[in-house]
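Okay, here's what each chain looks like letter by letter:
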Amino acid sequence: MSGGDLDVRLTLGRGDLVLDVALTASAGRVLAVAGPNGAGKTTLLECVAGVTVPDAGRVVIGDRVLEDSVAAIRVPTEARRVGMVFQDYLLFPHLTVLDNVAFGPRSTGAGRREARERAGEWLDRFCLAGLAERRPDQLSGGQRQRVALARALVTDPDVLLLDEPLAALDVEVRDEVRVELGRHLADFRGATVVVTHDAADIRALAADVVILERGRVSHSGTVDAIFGAPTTPYARRLLARAID
Amino acid sequence: MWIPAGIALALLVLPLVALAVRAPWARLPALLARSEIASALALSLGTALLSTLIALVLGIPLALVLVRSAAWPAVPRRVLRALVTVPLVLPPVVGGVALLLLLGRRGLIGGALDAWWGLTIPFTTTAVVIAQVFVAMPFLVLAVEGAVRASDRRFEQVAATLGGSRATVFLRVTLPLVAPGVSAGAVLCFTRALGEFGATITFAGSFPGVTQTLPIATYLELQRDPDAAIALSLVLMIVSVVVLVALRDRWMPGVSA
């Protein structure tokens, strides 16, 4: 039950950062949001997830309005059906892998056994079944990332947000994990937004790309179109790195 | 550095050694079997436990408010912190006098309680518990506040994106993550309540079986039967050490695992 396209328009001022963004992520496609540090990429995801409040704007998934500053609508985070994988994964340190993944189902009304069964299915799908009883600090970086992704997807979100999903990993394993992440994202039917500042991520994972510079959109289009015609120095530098 | 450190350590340890050496070990069983001692022990353990439970129920929310107050303007934020900290620096006797002035028969609230409902709080077991909570709860509040402040708020944000309601997030994420801080605070609170003397004797008096807790019984016995006082001191010391050791192991799971 895919929720449709994600449509975001928001403004927010926090000290030096002035975010003024409009973007759309299509259901069944992956949108990469790239940009230098401090461009407001993470803040943008937080506004969609509802953990940060924009000064003004509108966030819509399909026909579901999550945020509308004019109509004073604000759906709380827990009712948004927006899955988010944070940069350092934030697995609950006091819970096993299985209970981390079961947290979502358990929170949304499933009984203990049913929640664990559903979590177990996702662990199987992510080749994590053997790690079910481990604690997060007994996992490698790549395994943590998979657990975080499974934990978000088991709740069947309408939109999936990933904040630099590979940045916390060692360079040697990054390529392998990226390929696997791409496979899992291909199976997801809602809209996916991946924040990154790595051109290799954009190439491998995304179909569309938005480049944020100093809180504003400097490029927006399909990956192929943007890679063909970058127009700002940052975009040229970013995309040049993908070729070597 | 070594000499003053050695003196400091001696100052901390030698009195306890003296207590152990001079203890009337042979008479100990007989002394401890005396009914007023057993009732003082039961009263102390019971009231300290109840005080700790009350401090947990009321103190954890207060600790959370204290954490939230970081976003407040400076003046109310500092006032709140000062109010919570006052009992820590206040001599317990003063606390006892203050409680009398509030809840005593002619006190600010106590007068009305007495006139309307015939409720008298001073010199009852209830007064013992109130005095202990007054003196000991700040330890718990500050320990929990420190733990919450040090914990990563983003765990709560993830939990919310996974569909967790505020109550679920609090019970299944916030609390377990700060559990070590809560345990540490509860232990401090319990031992402080167990040792409470000044506020208790001022506000609750010293009625055997009703308000005469172990520390008060110890002080009174010192004039009547020094051996009994030593025996009671030993009991207090052992209870404190046992609590510390027993709960020390409880702090670890959840953090280390």
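Residues numbered from 1 in each chain as written. Chains lettered and ligands numbered in written order. Predicted model: local features only at pLDDT ≥ 70, side-chain atom pairs only at ≥ 80, totals over all residues. Heavy atoms only, no water.

**Student:** Explain the overall build of chain A to me, and be specific about the residues and the numbers.
**Tutor:** Within chain A, the regular secondary structure consists of eight helices and eleven strands. Computed over C-alpha atoms, the radius of gyration of chain A comes to 18 Å, within 12% of the 18 Å expected from 2.2 N^0.38 for 244 residues, which places it in the range of a compact globule. For chain A, with 244 residues in total, the buried portion stands at 54%. For chain A, restricting intrachain contacts to residue pairs at least 6 apart in sequence, the fraction spanning at least 24 positions comes to 63%. Accessible area for chain A stands at about 10,700 Å²; split by element, carbon and sulfur atoms hold 47% of it. Computing the positive centroid from 30 side-chain charges and the negative centroid from 34, chain A places the two 1 Å apart. (Helix = DSSP H or I, 4+ residues; strand = E, 2+ residues; numbered from the N terminus. Rg over C-alpha atoms; globule rule 2.2 N^0.38 Å. Buried < 20%, exposed > 50% of the residue type's maximum accessible area, 1.4 Å probe, protein only. Contact = heavy atoms within 4.5 Å. Areas by Shrake-Rupley, 256 points an atom, 1.4 Å probe, with all protein chains shown as cover. Lys, Arg positive; Asp, Glu negative; His and termini not counted. Charge placed at Lys NZ, Arg CZ, Asp CG, Glu CD.)

**Student:** Break down the overall build of chain B for me, citing the residues and quoting the values.
**Tutor:** Within chain B one finds twelve helices and zero strands. For chain B, the C-alpha atoms occupy an extent of roughly 65 × 55 × 35 Å along the three principal directions. Scored against the burial criterion, the 257 residues of chain B give a buried share of 39%. Restricting the contact set of chain B to residue pairs at least 6 apart, pairs at least 24 apart contribute 71%. Summing over all exposed atoms, chain B offers an accessible surface of approximately 13,600 Å²; the carbon and sulfur share of this is 74%. Charge centroids of chain B, computed over 18 positive and 10 negative side chains, lie 10 Å from each other.

**Student:** Which residues make up the domain arrangement of chain A, and what are the values?
**Tutor:** Residues and elements named next belong to chain A. One can read the domain layout of chain A as domain 1 (24-81 + 158-243) and domain 2 (92-156). On the side of domain 2, eleven residues touch domain 1, which itself brings twelve residues to the contact. Of the roughly 880 Å² buried between domain 1 and domain 2 on both sides combined, carbon and sulfur atoms contribute 66%. At the boundary of domain 1 with domain 2, the tally comes to two salt bridges. Between glutamate 180 and arginine 146 there is a salt bridge, and its shortest N-O distance comes to 3.4 Å. (Domains from an automatic or database assignment. Buried area = accessible area lost by both parts, 1.4 Å probe. Salt bridge = Lys/Arg side-chain N within 4 Å of Asp/Glu carboxyl O.)

**Student:** Describe empty space enclosed by the protein, naming the residues involved and giving the relevant values.
**Tutor:** All names here are of chain B. Evaluated as defined, the whole model comprises one cavity of 30 Å³ or more. Within this model, the largest cavity holds a volume of roughly 30 Å³. Lining the largest cavity, in full, are Pro87, Leu90, Pro91, Pro92, Gly95, Phe134 and Val135. Listing elements by their share of the lining of the largest cavity, those giving two or more residues are helix 5 (92-103) and helix 7 (125-150). Per-class residue counts for the lining of the largest cavity are six nonpolar, one polar and no charged. (1 Å grid on protein atoms, 1.4 Å probe; cavity = no way out; pocket = protein on both sides within 12 Å on 5 of 7 lines; lining within 4 Å. Points joined across faces, edges and corners; volume = space filled by probe spheres on them. Nonpolar A, V, L, I, M, F, W, Y, C, P; charged D, E, K, R; others polar.)

**Student:** Could you give an account of the pairing of strand 1 (residues 6-14) of chain A, with specific residues and numbers?
**Tutor:** All names here are of chain A. As paired elements, strand 1 and strand 2 (residues 17-25) share nine bridges and run antiparallel to each other. Looking at the pairing, arginine 14 lines up with leucine 17 of strand 2. The hairpin turn running from strand 1 into strand 2, its antiparallel successor, is two residues long, and glycine 15 in that turn takes a positive phi close to 60°. Examined bridge by bridge, strand 1 and strand 4 (residues 56-61) share six bridges and lie antiparallel to one another. (Pairing = 2+ DSSP bridges.)

**Student:** Outline the side chain of serine 107 of chain A, supporting the account with residue identities and numerical values.
**Tutor:** Within the secondary structure, serine 107 of chain A sits in helix 2 (residues 97-107). From its side chain, serine 107 of chain A meets the backbone oxygen of phenylalanine 103 of chain A in a polar contact 2.8 Å long. If sequence neighbours within four positions are ignored, serine 107 of chain A has contacts with Leu162, Gly163, Gly164 and Thr168 of chain B. (Polar contact = N/O pair within 3.5 Å; in protein donor to acceptor, adjacent residues only side chain to side chain.)

**Student:** I'd love a proper account of the side chain of aspartate 163 of chain A, names of residues and values included.
**Tutor:** With respect to the helices and strands, aspartate 163 of chain A occurs in strand 8 (residues 159-163). Buried charge without a salt bridge: aspartate 163 of chain A, with arginine 154 of chain B as the nearest opposite-charge side chain at an N-O distance of 6.7 Å. Filtering out sequence-adjacent residues up to four positions away, aspartate 163 of chain A remains in contact with Thr42, Leu45, Val85, Phe86, Gln87 and Val195 of chain A.

**Student:** Pulling in residues and values, what's your account of the interface of chain A and chain B?
**Tutor:** Counting residues at the interface gives 24 residues for chain A, matched by 21 residues for chain B. A combined buried area of about 2,000 Å² lies between chain A and chain B, and 66% of that area is made up of carbon and sulfur atoms. Taken as a group, Glu78, His94 and Phe103 of chain A account for 28% of the area that chain A buries against chain B, more than any other trio of residues on that side. The interface formed by chain A and chain B holds one salt bridge in total. With a shortest N-O distance of 2.9 Å, aspartate 88 of chain A and arginine 154 of chain B are connected by a salt bridge. Applying the counting rule to chain A against chain B returns two residue pairs in polar contact (both at pLDDT 80 or more). For the side of chain A that touches chain B, the element with the highest residue contribution is helix 2 of chain A, accounting for four residues. Classifying every residue of the side of chain A that touches chain B gives twelve nonpolar, six polar and six charged.

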